[in-house]
Amino acid sequence: MEIRNGYGTNGVRVTGPVRVGDPLTLIIYMRSKYDGFDIVVNDCFAHNGANKRIQLIDEYGCPVDDKLISRFRGSWSDTGVFETQVYAYMKTFRFTGSPALYIECDVRMCHGRCPSQPCHWRNLKGVSKREAVQPKLNSTLSDNISLFQALRVLQEEDEESKAKKESITSAKPQDMSETCMKTSVLSALLATCCVLLCVLGGSLLAACAKLRYRKKDAAFFDNYVGHKTQLD
């Protein structure tokens, strides 16, 4: 038993969170090396792992509410391995206050044809729940098993949804206004750096000139003092 994205058996298997309203396909299949096997779905329930529980498929294999899940369809093939597959379409829903959603179904696996029931997937004509009657039992060998799948259902304002939206927004290319703003800021920084370099260069030149002037004065003073000493 597995759940796939979209309506159809070729969708990608659900491996992460889903959102309310997402289309899904519930698939139950059986493979065997030998021919002559059949499966029917008797009951399906949805629950949150606690005390909230609703019935999706009744004991006759009919959907309780067509808005939640469709009637099971089926197919079979014998290409190398004999496979019988039944599937139903559903839209993701969520229990109030809980993101957990468990789908649990009782499946009957039969050697030979399973006992007929009003909503058997092999029946071509649809039968409503009101027309359902108790199926006739036969001596077919069968076994009942319970299968389930777990889903995590997100609402529109969940944190994970917001994180996905933010990641998509950050991945979008920047518009021209943002690019122009960044270019103007960069130009202002470059102009400021040039002004600072000019001021620093002027200060260095002034300091060098002043230092040279002081050296000339010192040399002149030394010559004057030496000459005066010789005269005395």
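Everything numeric in this text was worked out from a predicted model, so none of it was measured. (Residues numbered from 1 in each chain as written. Predicted model: local features only at pLDDT ≥ 70, side-chain atom pairs only at ≥ 80, totals over all residues. Heavy atoms only, no water.)

(A) Summary view of the side chain of serine 98. With respect to the secondary-structure elements, serine 98 resides in the loop between β7 (82-91) and β8 (100-111). Note on serine 98: relative accessible area 12%, which makes it buried. One polar contact links the side chain of serine 98 to the main-chain amide nitrogen of alanine 100, over a distance of 3.3 Å. (Helix = DSSP H or I, 4+ residues; strand = E, 2+ residues; numbered from the N terminus. Buried < 20%, exposed > 50% of the residue type's maximum accessible area, 1.4 Å probe, protein only. Polar contact = N/O pair within 3.5 Å; in protein donor to acceptor, adjacent residues only side chain to side chain.)

(B) Region of interest: empty space enclosed by the protein. Tallied over the full model, the rule gives one cavity of 30 Å³ or more. Its boundaries defined by the atoms lining it, the largest cavity holds a volume of some 50 Å³. If you trace the largest cavity, you find it lined by Val40, Val41, Gly61, Phe72, Val86, Gln117, Cys119, His120 and Trp121. By residue class, the composition of the lining of the largest cavity is six nonpolar, three polar and no charged. (1 Å grid on protein atoms, 1.4 Å probe; cavity = no way out; pocket = protein on both sides within 12 Å on 5 of 7 lines; lining within 4 Å. Points joined across faces, edges and corners; volume = space filled by probe spheres on them. Nonpolar A, V, L, I, M, F, W, Y, C, P; charged D, E, K, R; others polar.)

(C) Spotlight on the state of the cysteines. Tallying each qualifying case throughout the model produces three disulfides. Each sulfur in the disulfide pair cysteine 44 and cysteine 105 lies 1.9 Å from the other. Disulfide cysteine 44-cysteine 105: the torsion about the S-S bond is 110°, which places it as right-handed. Placement of the pair is cysteine 44 in strand β4 (residues 37-47) and cysteine 105 in strand β8, with a sequence separation of 61 residues. Taking relative accessible area as the criterion, cysteine 105 reaches 0% and is therefore assigned buried. Each sulfur of the disulfide joining cysteine 62 and cysteine 119 lies 1.9 Å from the other. (Disulfide = S-S within 2.5 Å.)

(D) Structural view of the sheet that holds strand β6 (residues 73-77). As summarised here, the arrangement of the four strands in space is β1-β3-β7-β6, forming an open sheet in which the pairing is antiparallel. Among the strands making up the open sheet, the edge pair consists of β1 (2-5) and β6. Averaged over all pairs of adjacent strands, the angle between strand axes in this sheet comes to 25°, irrespective of strand direction. (Pairing = 2+ DSSP bridges. Axes fitted to C-alpha atoms, helices over the stretch in contact; angles between N-to-C directions.)

(E) Just the pairing of strand β3 (residues 23-32), in detail. Burial of β3 is extensive: seven of the ten residues sit out of reach of the surface. Alignment of β1 against β3, held across four bridges, turns out to be antiparallel. Counterpart to asparagine 5 in the pairing with β3 is leucine 24. Here ten bridges tie β3 to β7, and the two strands are oriented antiparallel to one another. Paired with methionine 30 across the strands is threonine 84, a residue of β7.

(F) Here's a closer look at the nonpolar core. By size, the foremost hydrophobic cluster in this structure holds 28 residues, and its most contacted members are Leu26, Ile28, Leu56, Phe72, Leu101, Ile103 and Cys105. Counting only elements with at least two residues in this core, the list comes to β3, β4, β5 (53-57), β7, β8 and β9 (141-154). Among all residues touching isoleucine 28, those that are not within four sequence positions of it are Met1, Ile39, Val41, Phe72, Thr84, Gln85, Val86, Cys105, Val107 and Leu147. (Core = buried A, V, L, I, M, F, W, Y, C linked by side-chain atoms within 4.5 Å. Contact = heavy atoms within 4.5 Å.)

(G) Summary view of the environment of glycine 74. The residue glycine 74 is located in strand β6 in this model. Considering only alpha carbons, one finds glycine 74 and isoleucine 27, 47 residues apart in sequence, at a separation of 9.4 Å. In this view, glycine 74 contacts Gln85, Val86, Tyr87 and Trp121; residues no more than four positions away in its chain are not counted.

(H) Examining the environment of glycine 21 more closely. Structurally, glycine 21 is set in the loop between β2 (18-19) and β3. Apart from residues no more than four positions distant in its own chain, glycine 21 is found in contact with Lys91 and Thr92.

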